[in-house]
Amino acid sequence: MATDAPPPSKEQHKLPSTEEFVEVHESAEFVELRRSYRSFAFPLTVAFIAWYLLYVLLSNYAGDFMGTKLFGNINVAFVFGIAQFVTTFLIAWWYSRHAGAKLDPKAEAIKTRMEGGA
């Protein structure tokens, strides 16, 4: 199986000290990285949980509505169930794009600096 990542290098990386970890943790760059992650992940998590709970609540308490046939043997509950899978994959794809564009470059810069490559 081929991967895009190169094999791990044989060179030893310098291990950062506790003071360096604390310094990076308090740096504006790391704070921005965390803010960028949280501003994406938290709202999407809340929205998806609300969407999932809506599906569960409607399934439990609105049986007539969820049993409404749309066409053939396809009803509202089936469409909502399929939509759960679709939104899960869309969110995963969207997060992957967000991480690749905004999070990974910042994290890699911090990692490189911490390992002594900068």
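It should be noted that the structure appears before, not after, this text.
These numbers come from a predicted model, not from an experiment. (Residues numbered from 1 in each chain as written. Predicted model: local features only at pLDDT ≥ 70, side-chain atom pairs only at ≥ 80, totals over all residues. Heavy atoms only, no water.)

S.K.: Give me helix 2 (residues 28–61): which residues, what numbers.
M.R.: The first and last C-alpha atoms of helix 2 sit 48 Å apart over 34 residues, in line with the 50 Å expected at 1.5 Å per residue. The sharpest bend along helix 2 reaches about 25° and sits at Arg-38. For helix 2, the complete set of buried residues consists of Leu-33, Ser-36, Phe-40, Ala-41, Leu-44 and Leu-58. Looking at the buried residues of helix 2, the elements they touch are helix 3 (63–66) and helix 4 (76–114). (Helix = DSSP H or I, 4+ residues; strand = E, 2+ residues; numbered from the N terminus. Expected span 1.5 Å × (residues − 1). Bend = angle between axes of the 7 residues up to and from the residue. Buried < 20%, exposed > 50% of the residue type's maximum accessible area, 1.4 Å probe, protein only. Contact = heavy atoms within 4.5 Å.)

S.K.: So what about the pattern of salt bridges? Which residues, and what values?
M.R.: Where charged atoms of side chains with opposite charge meet at close range, the side chains can pair. In the structure shown here, the tally under the stated rule is 3 salt bridges. A salt bridge links Arg-35 to Glu-32; the shortest N-O distance between them is 2.8 Å. Linking Arg-35 with Glu-32, this pair stays in helix 2, spanning 3 residues, or about one helical turn. Here Arg-35 falls in the partly exposed class, since its relative accessible area comes to 46%. Looking at Glu-32, the relative accessible area reads 29%, which means it is partly exposed. Of the charged contacts, one joins Glu-32 and Lys-106 as a salt bridge, the two residues approaching to 3.3 Å between their closest N and O atoms. Taken together, the residues Glu-32 in helix 2 and Lys-106 in helix 4 connect sequence positions 74 residues apart. (Salt bridge = Lys/Arg side-chain N within 4 Å of Asp/Glu carboxyl O.)

Purely geometric numbers; function is a separate question.
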